[in-house]
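# Chains, contacts and geometry: an overview
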Amino acid sequence: MAGNRRRPVNRELTTIRFSVSTLLSVFQQISGVLLFLLLPGVLWLFQSSLATPESFAELLALAGNPLSRIIALILLWLFMHHLCAGLRSMYLEVFKSSGKRVARFSSKVAIGAGVVLTLLVGVPWLW
């Protein structure tokens with residue numbers, strides 16, 4: 001490292017332009033962490049809905065709230081995005097496609113598929 005002191009260092013991350021593949025990977029990791037952290041709450045809600053008919057009615061009334069529906073749609077998007085990005089990663093690993101063109105195209109497809117699946121599943125389910 002001592003001989004490499006003249007190398008320029010860019011510490012301002014706002015000036016760096018990230019590729020679609022990089023953004024997909026970062027958002028996949030973020031969605032995975034969020035899904036993992038939110039899992040106990042989702043399991044608690046599920047357990048509460050099964051406990052008594054009264055608690056089910058309370059949670060059903062809570063689910064009718066527009067804010068609850070938006071939160072549920074965000075959770076659904078996190079899951080769909082994580083699923084599509086994971087399937088893309090598995091596809092690239094199995095077929096050993098490591099070219100920039102394939103990575104860029106498959107990243108765009110994964111992002112689009114996550115949004116489309118969220119809309120297909122979430123909109124009829126929530127509204």
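Residues numbered from 1 in each chain as written. Predicted model: local features only at pLDDT ≥ 70, side-chain atom pairs only at ≥ 80, totals over all residues. Heavy atoms only, no water.

As a further point, take the side chain of Ser 107. Looking at where Ser 107 falls in the secondary structure, it is placed in helix α4 (residues 100–126). According to the relative accessible area criterion, Ser 107 is buried, its value standing at 0%. Not counting the four nearest positions on each side in its chain, Ser 107 is found in contact with Val 20, Ser 21, Leu 24 and Arg 88. (Helix = DSSP H or I, 4+ residues; strand = E, 2+ residues; numbered from the N terminus. Buried < 20%, exposed > 50% of the residue type's maximum accessible area, 1.4 Å probe, protein only. Contact = heavy atoms within 4.5 Å.)

Time to look at a positive patch on the surface. Together, Arg 17, Lys 100, Arg 104 and Lys 108 make up a region of like positive charge exposed at the surface. Mapped onto the elements, Arg 104 comes out in helix α4. (Patch = residues over 30% accessible without salt bridge, like charges linked within 9 Å, V, L, I, M, F, W, Y side chains within 5 Å. Areas by Shrake-Rupley, 256 points an atom, 1.4 Å probe, with all protein chains shown as cover. Salt bridge = Lys/Arg side-chain N within 4 Å of Asp/Glu carboxyl O. Lys, Arg positive; Asp, Glu negative; His and termini not counted. Charge placed at Lys NZ, Arg CZ, Asp CG, Glu CD.)

A word on the layout of surface pockets. It is a probe the size of a water molecule, rolled over the atoms, that shows where empty space is left. One number sums up the size of the largest pocket: a volume of about 950 Å³. Elements supplying a minimum of two residues to the lining of the largest pocket: α1 (20–51), α2 (53–63), α3 (66–95) and α4. In the lining of the largest pocket, the residues fall into 17 nonpolar, 4 polar and 1 charged. (1 Å grid on protein atoms, 1.4 Å probe; cavity = no way out; pocket = protein on both sides within 12 Å on 5 of 7 lines; lining within 4 Å. Points joined across faces, edges and corners; volume = space filled by probe spheres on them. Nonpolar A, V, L, I, M, F, W, Y, C, P; charged D, E, K, R; others polar.)

This part takes up the confidence of the model for the protein. Within the protein, residue pLDDT values average 88, and 96% of them lie at 70 or more. Mean pLDDT values for the elements of the protein range from 91 in α4 up to 94 in α1. (pLDDT = per-residue confidence, 0-100.)

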